[in-house]
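# Architecture at a glance
Listed below are the residues making up each chain.
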Amino acid sequence: MSGIKDEDFVSHNIAPLINITAGKWFSKELALQAGYKGPYYNAIADDKKHHYYFLYGEGLMNINSLFPDYDPAAFWCLLLHAGAGYYYSQDYKRPNICANFGISNYLLLTNRLKGFLDVSAIVGWDIYQGDEDILPGVTMGISYSF
């Protein structure tokens, strides 16, 4: 969904979101990852698809690891992530540097596979409305550990 105002949250605003990431854990608490988000969003102003891409890097913090009885092999894991990246709108034809913030919930399926739900947002200035803009997103998928 696009927007930060109440009138922006309407059913025809919903569009698919692809989020592809790769990262590395440096400790049980912290990791870095790089990713891609896209391909388009729908806006309330018109009925066309607004294509964009967002290439980003961010840090991840494992919230579970802050507790003394943390088990790395636990069934459930909660992560906070924040970073910045290169946003390009095919409509505006100009680049923008934006922030990315979110929270992810991981469930252990096997030793290498985890199912996840991620709620995040791209935050920037003038990425589609001419002022402060937020592109919230929810992705579900599978994470594979090499």
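Residues numbered from 1 in each chain as written. Predicted model: local features only at pLDDT ≥ 70, side-chain atom pairs only at ≥ 80, totals over all residues. Heavy atoms only, no water.

### Digging into the packing of aromatic side chains
Summed over the entire model, instances satisfying the criterion amount to eight aromatic pairs. An angle of 15° between the planes, with centres 5.4 Å apart, marks the rings of Phe 54 and Tyr 56 as stacked. The pair formed by Phe 54 and Tyr 56 is uniform in burial state, with each residue classed as buried. Considering the side-chain rings of Phe 54 and Tyr 87, the 6.4 Å spacing of their centres and the 55° angle between planes classify their relative orientation as tilted. A residue pair is termed long-range when its members are at least 10 positions apart, and Phe 54 in strand 3 (residues 49–62) and Tyr 87 in strand 4 (residues 76–89) qualify at 33 residues. With relative accessibility at 0%, the residue Phe 54 sits in the buried group. Put simply, the rings of Tyr 41, Tyr 52, Phe 54, Tyr 56 and Tyr 87 touch in pairs and so form one group of aromatic residues. (Phe/Tyr/Trp six-rings, centres within 6.5 Å; stacked < 30°, edge-to-face > 60°. Buried < 20%, exposed > 50% of the residue type's maximum accessible area, 1.4 Å probe, protein only. Helix = DSSP H or I, 4+ residues; strand = E, 2+ residues; numbered from the N terminus.)

### A closer look at the side chain of Gln 33
Structurally, the position occupied by Gln 33 is in strand 2 (residues 30–42). Judged by its relative accessible area of 15%, Gln 33 is buried. A distance of 2.6 Å separates the side chain of Gln 33 from the side chain of Glu 58, its partner in a polar contact. When neighbours within four sequence positions are excluded, Gln 33 is seen to be in contact with Thr 21, Ala 22, Gly 23, Tyr 56, Gly 57, Glu 58 and Leu 60. (Polar contact = N/O pair within 3.5 Å; in protein donor to acceptor, adjacent residues only side chain to side chain. Contact = heavy atoms within 4.5 Å.)

### Topic: the sheet that holds strand 7 (residues 132–144)
Spatially, seven strands are ordered 1-2-3-4-5-6-7 in an open sheet, and the strand pairing comes out antiparallel. For this open sheet the edge positions go to strand 1 (17–25) and strand 7, each flanked by a neighbour on one side alone. Between one strand axis and the next, the sheet turns through 20° on average, direction left out of account. (Pairing = 2+ DSSP bridges. Axes fitted to C-alpha atoms, helices over the stretch in contact; angles between N-to-C directions.)

### So, the nonpolar core
Note that soluble globular proteins tend to have their nonpolar side chains buried in a common cluster. Tyr 41, Ala 43, Tyr 52, Phe 54, Tyr 56, Tyr 87, Cys 98, Ile 122, Ile 127, Tyr 128 and Leu 135 form the largest nonpolar core, which has 11 residues in total. The leading source of residues in this core is strand 3, at three residues. Setting aside its immediate chain neighbours within four residues, Ile 122 contacts Lys 37, Tyr 52, Phe 54, Tyr 87, Cys 98, Ala 99, Asn 100, Ile 127, Asp 133, Ile 134 and Leu 135. In terms of nonpolar packing, the next biggest core, distinct from the first, is built from six residues, Ala 31, Leu 60, Leu 79 and Phe 116 among them. (Core = buried A, V, L, I, M, F, W, Y, C linked by side-chain atoms within 4.5 Å.)

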